[in-house]
Amino acid sequence: METQLLAPDEEGIVAAAAVIRRQGIVAFPTETVYGLGADAMVARAVARVFAAKERPRFDPVIVHVASPEDVGTLWTEVPPLARRLMETFWPGPLTLVLPRRRRVPAIVTAGLPTVAVRMPDHPVALALIRAAGRPIAAPSANRFGRLSPTHHDDVLSQLAGQVDAVIAGGPTPVGIESTVVSLAEEVPVVLRPGGTPLEALREVIPELRTAPPLGPSASPGTLPRHYLPATPLFLLDHGPVPERSEQVDRLACGFLAFREEWSGFGRVEVLSPGGDLVEAGARFFSTLHRLDRAGLAAIIAEPIREEGLGVAMMDRLRRAAAGRAYLGEGQVWMARN
Ligand code: AMP
Ligand code: MG
């Protein structure tokens, strides 16, 4: 299949919407990461998204709408708390989970009785949904388990030839996936930390829980191994990196730093010299992609302050590092899960 590269202008959006309407699949920019979209109401179209991503069928996808009014076709009911959250945070990186209408295809929700919906804060995404005239189901436009794409080049490097079209919208401004909150439980619960900080959500929902519940309502996408770079990633577990080490050739390793330059590594990337979590979030996946492409033996990541977007970034780093440990001169570098 040839993948069409479309401009993020009116002509490109009209062409992309036509692809969606004829049950094709299109990668498009949102404020969080690139999505791989299909007509949310057509199971066959959504199945093509799963096939292109090699995504397991037990992982539900988020449905994107262009206005809060569009949720009526997806959810059976819109409780007052959902309305308040939509008024406060939409358009934006907040996904809400509520019981679904029967007409939402089961493949979208992986058979769950709920559906996840959000309104993205990106002019191209909103124009595409409006032009298509229907909600668009879209997981991130990466191969399953790999790093989320924050630039159309990242989409092309993973999915060229597998998708009908890619809208070349350049870098995505937030850079971290949406926060997923389930309102289908007795007490609202965060299923995935993301681009909407928990601190902001707690101002509207003081009783918000963060521990994912066990059982059928647990969020399938929050598998421990997810968001993997191809290069092994190690999360630095406090303490200094040993100066010298028999086992580790530091020059063969890359270092992902939050704010300070580290020396002695083959390659060092600093997310935000000013220590700004929003800037770090916007650069997070693109920096990981860059390190991943640099031919390094390993990527070592420094922990990030766990507040605001730092919660979501540490969540992604822990998953990327899942289960790995490294011994170097008596030091243990390992993921703390
Ligand atoms: P993404 O790959 O960014 O589209 O991730 C979508 C994620 O949203 C899934 O992996 C789940 O964690 C979550 N999600 C989507 N739909 C539901 C749902 N109905 N119930 C619970 N979590 C959901
Ligand atoms: Mg994803």
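Here the structure is a predicted model, which means the values were calculated and not measured.

Asks: I'm lost on the pairing of strand S14 (residues 298–301) in this one. Help?
Replies: Looking along a regular strand, one sees side chains alternate from face to face of the sheet. Going residue by residue along S14, you find Ala298 and Ile300 tucked away on one face and Ile299 and Ala301 tucked away on the opposite face as well. Judged from the three bridges that link them, strand S11 (residues 233–235) and S14 form a sheet pairing that is parallel. By the bridge assignment for S14, Leu235 is matched with Ala301. Bridge analysis of strand S12 (residues 253–257) against S14 gives four bridges, and the strand direction is parallel. Residue Leu256 lies in a different strand from S14, and its bridge partner there is Ala301.

Asks: So what exactly am I meant to see when it comes to the nonpolar core here?
Replies: The biggest cluster of nonpolar side chains holds 68 residues, and the ones touching the most others in it are Leu36, Trp75, Leu85, Trp90, Leu96, Val108 and Val117. Among the elements that line this core, the one with the most residues is helix H5 (residues 123–132), at six residues. Sequence-distant contacts of Trp75, that is, excluding residues within four places in its chain, are made with Ala82, Met86, Trp90, Leu96, Leu98, Pro99, Arg100, Arg101, Val115 and Val117. Counting 25 residues, the second largest nonpolar core, distinct from the first, contains Leu147, Ala280, Leu288 and Met314.

Asks: Before we go on, may I ask you to explain the sheet that holds strand S3 (residues 35–39) in this structure?
Replies: In a beta sheet, neighbouring strands are held together by backbone hydrogen bonds and run either parallel or antiparallel to one another. Taken in spatial order, the 10 strands make up an open sheet running S1-S8-S2-S3-S7-S4-S6-S5-S9-S10, and their pairing is mixed. The open sheet terminates on both sides in strands that have one partner only, identified here as strand S1 (4–6) and strand S10 (189–192). Where strand S4 (residues 62–64) meets strand S7 (residues 136–137), two bridges bridge the pair, whose relative direction is antiparallel. Of the residues in S7, the one forming a bridge with Val63 is Ala137. Where helix H1 (residues 10–21) meets the sheet, its contacts fall on S1, strand S2 (26–28), S3, S7 and strand S8 (165–167), and the angle it forms with S1 comes to roughly 135°.

Asks: Is there a simple way to explain unusual backbone geometry in this structure?
Replies: Residues apart from glycine generally show negative phi values, whereas peptide bonds are mostly found in trans. A cis geometry characterises the amide bond from Trp90 onward to Pro91, with omega recorded as -10°. Mapped onto the elements, Pro91 comes out in the loop between helix H3 (80–89) and strand S5 (94–99). Although it is not a glycine, Glu54 sits at a positive phi angle of roughly 55°. By secondary structure assignment, the location of Glu54 is in the loop between helix H2 (43–53) and S4. The phi dihedral of Ala110 falls on the positive side, at around 55°, and the residue is not glycine. If you trace the backbone, Ala110 turns up in the loop between helix H4 (106–109) and strand S6 (114–118). Relative accessible area serves as the criterion here: at 25%, Ala110 is assigned to the partly exposed category.

Thresholds applied
- Residues numbered from 1 in each chain as written.
- Chains lettered and ligands numbered in written order.
- Predicted model: local features only at pLDDT ≥ 70, side-chain atom pairs only at ≥ 80, totals over all residues.
- Heavy atoms only, no water.
- Buried < 20%, exposed > 50% of the residue type's maximum accessible area, 1.4 Å probe, protein only.
- Helix = DSSP H or I, 4+ residues; strand = E, 2+ residues; numbered from the N terminus.
- Pairing = 2+ DSSP bridges.
- Core = buried A, V, L, I, M, F, W, Y, C linked by side-chain atoms within 4.5 Å.
- Contact = heavy atoms within 4.5 Å.
- Axes fitted to C-alpha atoms, helices over the stretch in contact; angles between N-to-C directions.

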